[in-house]
Amino acid sequence: MPTAARSAHGAEPLEGEGEGGGEAWGDRLRSYGGALGAARRDLEQPVVAPYIAGMKALGWIALSVAGAVGWGVIGLSRGESISAAWLILAAVGTYLVAYRFYSRFLANKVLKLDPRRATPAERLNNGRDFVPTTRFVLFGHHFAAIAGAGPLVGPVLAAQFGYLPGTIWIVFGVVLGGAVQDFVILFGSMRRNGKSLGQMAKEEIGPVTGLFAMVAILAIMVILLAVLALVVTNALKDSPWGIFSILCTIPIAIGMGLWMRVIRPGKTVEATIGGVILLVLALIGGRYVAESATLAPLFTHGGVTIAWGLMIYGFVASVLPVWLLLAPRDYLSTFMKVGTVVLLAVGILLVLPPLRMPAITSFGDGTGPVFAGKLFPFAFITIACGAISGFHALVSSGTTPKMIRRETDARMIGYGGMLMESFVAIMALCAATALDPGVYFSINAPLGSLGGTVETAAAQIAQWGFVVTPEQLSGLATSVGEASLLGRVGGAPSLAVGMAHIFSGAFGQQLMSLWYHFAIMFEALFILTTLDAGTRVGRFMLQEFLGHIWKPLGQTSWYPSNLLASGLVVIAWGYFLIQGVLDPLGGINSLWPLFGISNQLLAAVALCVGTTVIIKMGRAKYAWVTLGPLAWLLSVTLTAGWQKIFATDPRLGFLAHAKDTAARIAAGTVDPTAGARMIFNDRLDAALAGIFMIIVVALLLASIREWIAVVRGRKAAEVKEAPYVETAYA
Amino acid sequence: MDRRSWLSTFKQIVGMPDYARYLEQAASQPPGSATLTEQEFYDAYLAARYGERPPIRCC
């Protein structure tokens, strides 16, 4: 090894340590030379610095003013519809200022990133998972890992409250909460050779805590998979074009897999480009299928059929060899994901649509049709991934920390990556609020509340206070190549309509239906990849647990164990999926808040771990950077959880809904077997929410005990980091 | 950047195995350890990436 370990940060190498005196001297000379060079640069600084520093300061002042102007226009526009440009200006201005000042403060004062400290990628470099990667590439890799359907669905649903609450939470939530969480966890994992969140919880707080955290993580994953599967099901219901295009992605991926491993081994880029071309062909072919009298019925299926199809797919994909289906899908969907996000950004910047949704609607009082609940706490629960997401803590303690080349890169990757995701959320919010509000509610309100036809829908929407004609609704459906858009809840179809408007405005007016189905397919594509990858991750976690009960079950190479564990995971999320499909309220109404609550609770867990890391590093005076968002998150999620369990409104509270259903069974208006199942599901959802809340409170109490012990001095403030080794890089 | 590094950048972002990069790293290792063929490297890469702890994709 070229560098000698140091006894403490900055001290001289101990005599006798190190591979050979010559090498140690060589390093000392190198670092001395480096220090000398830096000193010389410091001497040079005073001559050049004031001019450059002044220009930089002017630049930042201008940017802050621009951002403030954006917020000002948003704040002062009472009643007139403003352009998306102001939202974007406000958001981007705030992000950049926060990155420049707040993340620098976090990096230098709170976490103290050390550019001279060797990262695990450098020390344990094995060319496979521990690989030093330049920061721009790693930023792209990390962003591709954290970006998903979350920032697209949440803000679209939260648009029910108007564009203002969503915008404020997405921007300020990420800057003070989400990006901080990602950054701190990434840093913590990097210092611990890439340990996962569960492992860090176990080591820094306590083993029982770690176990709780792992149980919570597995449960949250199941809910996430169910909810995403529900979003896809609702988007593809009774849509032959959509179903055909998505079905095509499976043979395309298998073809790619065979190409990359058997026909022309290693030619991954070739195969991916071929896959994309075939995908576009499948997309165009979908139109012919939808219009053909013979083929259309073959590909038209209801929600339950699609749900079972997804379950079979999830199971099969997670047990097939990785090179055949999972890896090619992964490449394809990552490529499409990044490409489409860029396309959306360009489209919005070209079109800068006016936002038609009001700044704040009356639905903040809890009467909203899309989902039940008042603005506080449910606007924050619904947006989840756009502002702060516990799941990101899992990703930030996954592959990324093992690839960081230099510690200081973590600032851009951890903090910056989350800011980018938040920007995707802002764009999704713009696309959804650029829709006519009447159209937005016709798509996102459950079919039951809309009445089933465009006439009844228009009448109901008028009662909610928005004007839309039946002709507008049926005309829109025809223009996107669907039979009906009514009640297509889940965010994806309305986002697709918004994106189709934007793309056809920017790139091609005649292609509205193609853009719509492109948007649906792109979102369904990477949701499906999340489904199979997520089932696989869930399978591994479950096998780890089962291995403690009966040894052979824990062996991931034993095929029967793989089948069993995969089957259990699929049955778990499949159960909630079917529950959501059969739910008369639309499924999203009950499942998305459950996902949001569990996601934010996991974020609370991550912030607890982050606070523990900061306090144990001896910087308790800066612990407020994680304690602040933690306090906010806890108040929001515990309130939301409590209301979802105990609220008396049957649309909101699970137990109240169960009681209501029981009353209806007694009155004869609801079929007894269906009703009994609904009651069971309500109680199950209530129990889940309750279990999450209890786990998080237990974890919080264990953490607080640890913090107090360290701060009071009863316990030594020692972190379990990997030992300091100086980097060999210049 | 030349074509080779654009390709490498793309591969790393999407998460594809980069055989050329592995060869570079293998060249700097002491001789004696076997260098994997492209096929073996592909398998080993997938096994490492999706094996013990498969990459968690977010929502």
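The model shown is predicted, which means the values in this text are computed figures rather than measured ones. (Residues numbered from 1 in each chain as written. Chains lettered and ligands numbered in written order. Predicted model: local features only at pLDDT ≥ 70, side-chain atom pairs only at ≥ 80, totals over all residues.)

This paragraph deals with the overall build of chain A. Across its full length, chain A holds 27 helices and zero strands. Against the 2.2 N^0.38 benchmark of 27 Å for 730 residues, chain A shows a C-alpha radius of gyration of 26 Å, consistent with a compact globule. Across the 730 residues in chain A, those meeting the buried criterion constitute 54%. Sequence separation of 24 or more characterises 79% of the internal contacts of chain A that already satisfy a separation of 6 or more. (Helix = DSSP H or I, 4+ residues; strand = E, 2+ residues; numbered from the N terminus. Rg over C-alpha atoms; globule rule 2.2 N^0.38 Å. Buried ≥ 20, exposed ≤ 12 C-beta atoms within 10 Å, placed from the backbone. Contact = placed C-beta atoms within 7 Å.)

Okay, the overall build of chain B next. For chain B, the helix and strand inventory stands at three helices and zero strands. Shown N-terminal to C-terminal, the secondary structure of chain B runs as helices and strands in the order α-α-α. Relative to its full complement of 59 residues, chain B shows a buried share of 29%.

The next point concerns helix α6 (residues 163-191) of chain A. Residue and element names in this part refer to chain A. Compared with the 42 Å implied by 1.5 Å per residue over 29 residues, the 40 Å span of α6 between its first and last C-alpha is a close match. Along α6, the helix axis deviates most sharply at Val174, where the bend reaches about 60°. One or two positions beyond α6, positive phi appears at Asn193, with a value near 55°. (Expected span 1.5 Å × (residues − 1). Bend = angle between axes of the 7 residues up to and from the residue.)

Next up on the list: the nonpolar core. Residue and element names in this part refer to chain A. Ranked by size, the top nonpolar core spans 242 residues in total, and within it Ala226 and Val605 carry the most contacts. Among the elements that take part in this core, helix α22 (residues 512-549) stands out by supplying 20 residues, more than any other. Counting residues domain by domain, this core receives three or more from each of domain 1 (1-7 + 86-229 + 303-434 + 506-730) and domain 2 (239-300). The residues contacting Val605, other than those within four sequence positions of it, are Ala201, Ala213, Ala216, Gly390, Val696 and Leu699. (Core = buried A, V, L, I, M, F, W, Y, C linked by C-beta atoms within 7 Å. Domains from an automatic or database assignment.)

This next bit is on the interface of chain B and chain A. Listed as interface residues are 29 residues of chain B and, on the opposing side, 41 residues of chain A. At the level of elements, α1 (3-14), α2 (19-27) and α3 (38-50) of chain B are the ones that each hand at least two residues to the side of chain B that touches chain A. Tallying contributions element by element places α3 of chain B first for the side of chain B that touches chain A, with nine residues. Partitioned by chemical class, the residues of the side of chain B that touches chain A number 19 nonpolar, five polar and five charged. (Nonpolar A, V, L, I, M, F, W, Y, C, P; charged D, E, K, R; others polar.)

Time to look at the domain arrangement of chain A. Residues and elements named next belong to chain A. Splitting chain A by domain gives domain 1 (1-7 + 86-229 + 303-434 + 506-730) and domain 2 (239-300). For domain 1 and domain 2, the distance between their C-alpha centres works out to 29 Å. Tallying the contact residues gives 17 residues for domain 1 and 19 residues for domain 2. Of all the elements in the fold, those that place two or more residues in the side of domain 1 that touches domain 2 are α13 (326-351) and α22. No other element matches α22, which puts eight residues into the side of domain 1 that touches domain 2. Looking at the side of domain 1 that touches domain 2, its residues break down into 14 nonpolar, two polar and one charged.

The next thing to look at is the environment of Trp592 of chain A. Residue and element names in this part refer to chain A. Counting through the fold element by element, Trp592 comes out in helix α24 (residues 588-616). Placed 439 residues apart in sequence, Trp592 and Val153 show a C-alpha to C-alpha distance of 9.5 Å. Setting aside its immediate chain neighbours within four residues, Trp592 contacts Leu157, Val227, Phe371 and Thr382.

Here the focus is the packing of helix α9 (residues 240-263) of chain A against helix α10 (residues 268-291) of chain A. Residues and elements named next belong to chain A. Relative to each other, α9 and α10 sit at 155°, their axes nearing to 8 Å. With respect to each other, α9 and α10 are oriented roughly antiparallel. The handedness of the crossing between α9 and α10 comes out as right-handed. A per-class count over the contact of α9 with α10 returns 15 nonpolar, eight polar and one charged. (Axes fitted to C-alpha atoms, helices over the stretch in contact; angles between N-to-C directions. Parallel < 35°, antiparallel > 145°, perpendicular 65-115°, else oblique. Left-handed = near helix turned anticlockwise from the far one by under 90°.)

Residue and element names in this part refer to chain A. Per-residue pLDDT for chain A averages 87, and the proportion of residues at 70 or more is 93%. For chain A, per-element mean pLDDT is lowest for helix α1 (residues 21-76), which scores 63, and highest for α6, which scores 96. Taken as a whole, residues 1-46 scores under 50 in pLDDT and shows 27 contacts with residues more than four places along the chain or in a different chain. (pLDDT = per-residue confidence, 0-100.)

Another aspect to go through is helix α17 (residues 437-444) of chain A. Residues and elements named next belong to chain A. Within α17, eight of the eight residues are buried, which leaves the element mostly enclosed by the surrounding structure. By the burial criterion, the buried members of α17 are Pro437, Gly438, Val439, Tyr440, Phe441, Ser442, Ile443 and Asn444. The inward-facing, buried residues of α17 contact α16 (409-433), α18 (447-450), α19 (454-464), α20 (470-479) and α21 (492-506).

Another point: the packing of α9 of chain A against α13 of chain A. Residues and elements named next belong to chain A. One can describe the packing of α9 onto α13 by two numbers: an axis separation of 8 Å at closest approach and a directional angle of 110°. Our classification of the angle between α9 and α13 gives roughly perpendicular. Listed contacts from α13 to Ala253, Met256, Gly257 and Met260 of α9 are Ala327, Pro328, Arg329 and Leu332. The residue makeup of the contact of α9 with α13, split by class, is six nonpolar, one polar and one charged.

Attention shifts here to the environment of Leu531 of chain A. Residue and element names in this part refer to chain A. Summarising the element assignment, Leu531 is placed in helix α22. For Leu531, a count of 27 C-beta atoms within 10 Å puts it in the buried group. In sequence terms Leu531 and Phe315 are 216 residues apart; their C-alpha atoms lie 9.5 Å from each other. Non-local contacts of Leu531, meaning those with residues more than four positions away in its chain, are made with Leu225, Leu228, Ala229, Leu310 and Gly314.

Residue and element names in this part refer to chain B. Residues at a pLDDT of 70 or more form 85% of chain B, whose mean pLDDT is 77. Element-level pLDDT for chain B is lowest in α2, with a mean of 79, against a maximum mean of 82 in α3. In the predicted assembly, ipTM is 0.90 and pTM is 0.88.

Turning our eyes to something else, we now look at the environment of Ala689 of chain A. All names here are of chain A. Summarising the element assignment, Ala689 is placed in helix α27 (residues 672-712). Taking the C-alpha atoms as reference points, Ala689 and Ala640, separated by 49 residues in sequence, lie 9.5 Å from one another. With residues near it in sequence (within four places) discarded, Ala689 still touches Leu594, Ile597, Gly641, Lys644 and Ile645.

Here we come to unusual backbone geometry. Residues and elements named next belong to chain A. Here the bond from Phe376 into Pro377 is cis, since omega is 5°, no more than 30 degrees from zero. Considering the arrangement of structural elements, one finds Pro377 in helix α14 (residues 375-383). Positive phi outside glycine occurs at Asp238, with the angle close to 50°. With respect to the helices and strands, Asp238 occurs in the loop between α8 (207-236) and α9. For Asp238, a count of 16 C-beta atoms within 10 Å puts it in the partly exposed group.

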